[in-house]
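Descriptive structure summary
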Amino acid sequence: MLKNSSSQLDEGIKVERMIGRLQGSKNGPTLVFFAGIHGNEHAGVVALKQVMQKLQIDETPIHGEIYAIAGNLKALEKNVRFQTEDLNRIWLPERIAAIQSKNDECSDEEIEMLGLYNLLCEILENGEPPFYFIDLHTTSSDTLPFIVLNDSLLNRKFASKYPMPIILGIEEYLVGALLSYINDLGYVSLGYESGQHDDPKAIENCLNFINYTLLMSDSISLDGKKERLLEDSIRKLAKPIQAFYEIYFQYQISSECKFKMLPGFVNFQQISKGTKFAHCNETAIIANRKRQMFMPLYQNQGSEGFYFIRPISKILLWLSKKLRTFKADHLLVRLPGIRWKSGKKDTLIVDQRIARFMAKSFFHLLGYRARQYNETHLVVKSREEASKTAEYFNTSWFMDKKRGPY
């Protein structure tokens, strides 16, 4: 049991791995919230503790099971993002296997990961579908609340029920993220960024988001008036802003680069050509065209300096849904230089001489994420093949047709 040192946890809250667990009727989902995967992000921990306590005090009827889980316990205690390495960058099957085979000398974050991994396996073994996994975060810059997710149709459909910006494609840039690992298992999984680390509003935003997720996943029920008030509270935060965005550029901070963002840049900010917004060592980083800023780094730890994003039209979202539904990707292997990596038919190996005529955005339409395979080939992996869509068929949100062609 660890006492958190954050100023946001000035109530003297003690943080255990299991913040709370509530079990209701068997006829319901298994909903899992993570918070504090980064140890300097406390809003989710505070909000989960408050929500779980209120559900118990009010004796709210629960459908299924709700878990609230703390991530990097020792980093949370020290109020640092991580101690040895980023806990949200080591969730790779081969890395997990290597850590499990170690007899000793695990890093701080490897120990934390094993604790979370064992708990995750236990939940999946004993819980009842459908499963939902939600990872609560905050950002180092000022921001509107938003959702990030791996772009599977299942994730996209669930996330579209939230009245706030949704960011697609981050898994192409963040290798080893917890939610990417879970999404590859086929379950609904999304991340929520509730605000800037030290902004008290981040806790309030997180409270509303958690309660809305409980409602959307059918874990609790509310009357019509309370449901509308809850949705309005989230909608007001998003303001009039485009619903879906995709990440198309990441500035990776090299070991030789002393990176520093200039002050005053925020998420979703439009910056014009010629704007100076950061430095690498003594060299200014200047926008070479009009850009939209995303997640500028204003903290010492972290290797992603900033991202650029762009809006996605509803027509493209509709087209990608149709192409994936009819498995248009299976036609690609008829082209020279493209083949299946294995008999599972969930991953393609693409000769880059071919790929140069087929932009990443084309593979994104078909539901693939792309990474470098070797000097001459790309590997593109399907986001769709693993999805356990059938487990969600009878949920209220899946059957709801009101929110567009997502």
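Residues numbered from 1 in each chain as written. Predicted model: local features only at pLDDT ≥ 70, side-chain atom pairs only at ≥ 80, totals over all residues. Heavy atoms only, no water.

1. Some points on the overall build of the protein
If you tally the helices and strands in the protein, you get 12 helices and 20 strands. The globule rule puts the C-alpha radius of gyration for 406 residues at 22 Å, and the 21 Å found for the protein is close to it. Viewed in the frame of its principal axes, the protein has a C-alpha envelope of about 60 × 55 × 55 Å. For the protein, the residues scored as buried account for 55% of the 406 residues in total. In the protein, 71% of the contacts between residues at least 6 apart in sequence involve partners at least 24 apart. Counting only carbon and sulfur atoms, one obtains 52% of the accessible surface of the protein, whose full area is about 19100 Å². Distance between charge centres in the protein, computed from 52 positive and 47 negative side chains, equals 8 Å. (Helix = DSSP H or I, 4+ residues; strand = E, 2+ residues; numbered from the N terminus. Rg over C-alpha atoms; globule rule 2.2 N^0.38 Å. Buried < 20%, exposed > 50% of the residue type's maximum accessible area, 1.4 Å probe, protein only. Contact = heavy atoms within 4.5 Å. Areas by Shrake-Rupley, 256 points an atom, 1.4 Å probe, with all protein chains shown as cover. Lys, Arg positive; Asp, Glu negative; His and termini not counted. Charge placed at Lys NZ, Arg CZ, Asp CG, Glu CD.)

2. A closer look at the packing of aromatic side chains
Per the counting criterion, the structure on display carries 34 aromatic pairs. On the basis of an interplanar angle of 15° and a centroid distance of 5.0 Å, the ring pair of Tyr251 and Phe306 is categorised as stacked. Residue Tyr251 is located in strand β10 (residues 244–252), and its partner Phe306 is located in strand β16 (residues 304–311); the two are separated by 55 residues in the primary sequence. Overall, the relative accessible area of 18% leaves Tyr251 in the buried class. Clustering of aromatic rings is evident, with ring pairs tying together Tyr132, Phe158, Tyr162, Tyr192, Phe209, Tyr212, Tyr392, Phe393, Trp397 and Phe398. In this structure, Lys157 packs its charged tip against the face of Phe398, placed 5.3 Å from the ring centre. For Lys388, the ring lying beneath its charged end belongs to Tyr187, and the centroid distance is 4.9 Å. (Phe/Tyr/Trp six-rings, centres within 6.5 Å; stacked < 30°, edge-to-face > 60°. Lys NZ or Arg CZ within 6 Å of the ring centre and 35° of its normal.)

3. Considering the nonpolar core
Judged by nonpolar contacts, the single largest core of 79 residues is most densely connected at Trp91, Leu136 and Ile147. By residue number, the principal contributor to this core is helix α7 (residues 201–216), which donates 10 residues. Setting aside anything within four residues of it in sequence, one finds Ile147 in contact with Ala159, Tyr162, Met164, Pro165, Ile166, Ile167, Leu190, Gly191, Tyr192 and Phe209. Ala278, Cys280, Ile285 and Leu297 belong to the second largest nonpolar core, which has 16 residues in total. (Core = buried A, V, L, I, M, F, W, Y, C linked by side-chain atoms within 4.5 Å.)

4. Considering the domain arrangement of the protein
On domain assignment, one finds that the protein holds domain 1 (18–243), domain 2 (250–311) and domain 3 (314–382). The C-alpha-based centres of domain 1 and domain 2 are spaced at 26 Å. Taken together, the contacts link 21 residues of domain 1 with 16 residues of domain 2. Across the domain 1 to domain 2 interface the summed buried area is about 1500 Å²; carbon plus sulfur atoms make up 60%. For the pair domain 1 and domain 2, the number of links is 1 salt bridge. Here the side of domain 1 that touches domain 2 is composed, by residue class, of 10 nonpolar, 7 polar and 4 charged. (Domains from an automatic or database assignment. Buried area = accessible area lost by both parts, 1.4 Å probe. Salt bridge = Lys/Arg side-chain N within 4 Å of Asp/Glu carboxyl O. Nonpolar A, V, L, I, M, F, W, Y, C, P; charged D, E, K, R; others polar.)

5. Describing the packing of helix α1 (residues 43–57) against α7
It is the contact of α1 with α7, at a shortest axis distance of 9 Å, that shows an interaxial angle of 50°. Here α7 runs oblique to α1, going by the angle between their axes. Handedness of the crossing formed by α1 with α7: right-handed. Contact with α1, carried on its side by Ala43, Gly44, Val46, Ala47, Leu48, Gln50, Val51 and Leu55, involves Ala202, Ile203, Cys206, Leu207, Ile210, Asn211 and Leu214 of α7 and no other residues of that element. A class-by-class count of the residues in the contact of α1 with α7 yields 12 nonpolar, 3 polar and no charged. (Axes fitted to C-alpha atoms, helices over the stretch in contact; angles between N-to-C directions. Parallel < 35°, antiparallel > 145°, perpendicular 65-115°, else oblique. Left-handed = near helix turned anticlockwise from the far one by under 90°.)

6. Re the state of the cysteines
Taken as a whole and judged by the stated rule, the model has 1 disulfide. Each sulfur in the disulfide pair Cys257 and Cys280 lies 2.3 Å from the other. Placement of Cys257 in the loop between β10 and β11 (259–261) and of Cys280 in strand β13 (residues 276–280) is noted, with a sequence separation of 23 residues between them. Take Cys257: its relative accessible area is 11%, and that puts it in the buried class. Cysteine Cys106 remains unbridged, with the sulfur of Cys121 as its closest cysteine sulfur at 16 Å. Judged by relative accessible area, Cys106 falls into the partly exposed class, the value being 24%. (Disulfide = S-S within 2.5 Å.)

7. Quick look at the pairing of strand β9 (residues 188–196)
A regular strand places its side chains on the two faces of the sheet in alternate fashion. The buried fraction of β9 amounts to 8 of the 9 residues, a majority that puts the element mostly inside the structure. Pairing of strand β6 (residues 131–139) with β9, which is carried by 7 bridges, proceeds in the parallel orientation. Within β9, the residue paired with Leu136 across the bridge is Tyr192. Both strand β7 (residues 146–149) and β9 contribute to a ladder of 3 bridges, which runs antiparallel. Its bridge partner lying in β9, Ile147 is registered against Tyr192. (Pairing = 2+ DSSP bridges.)

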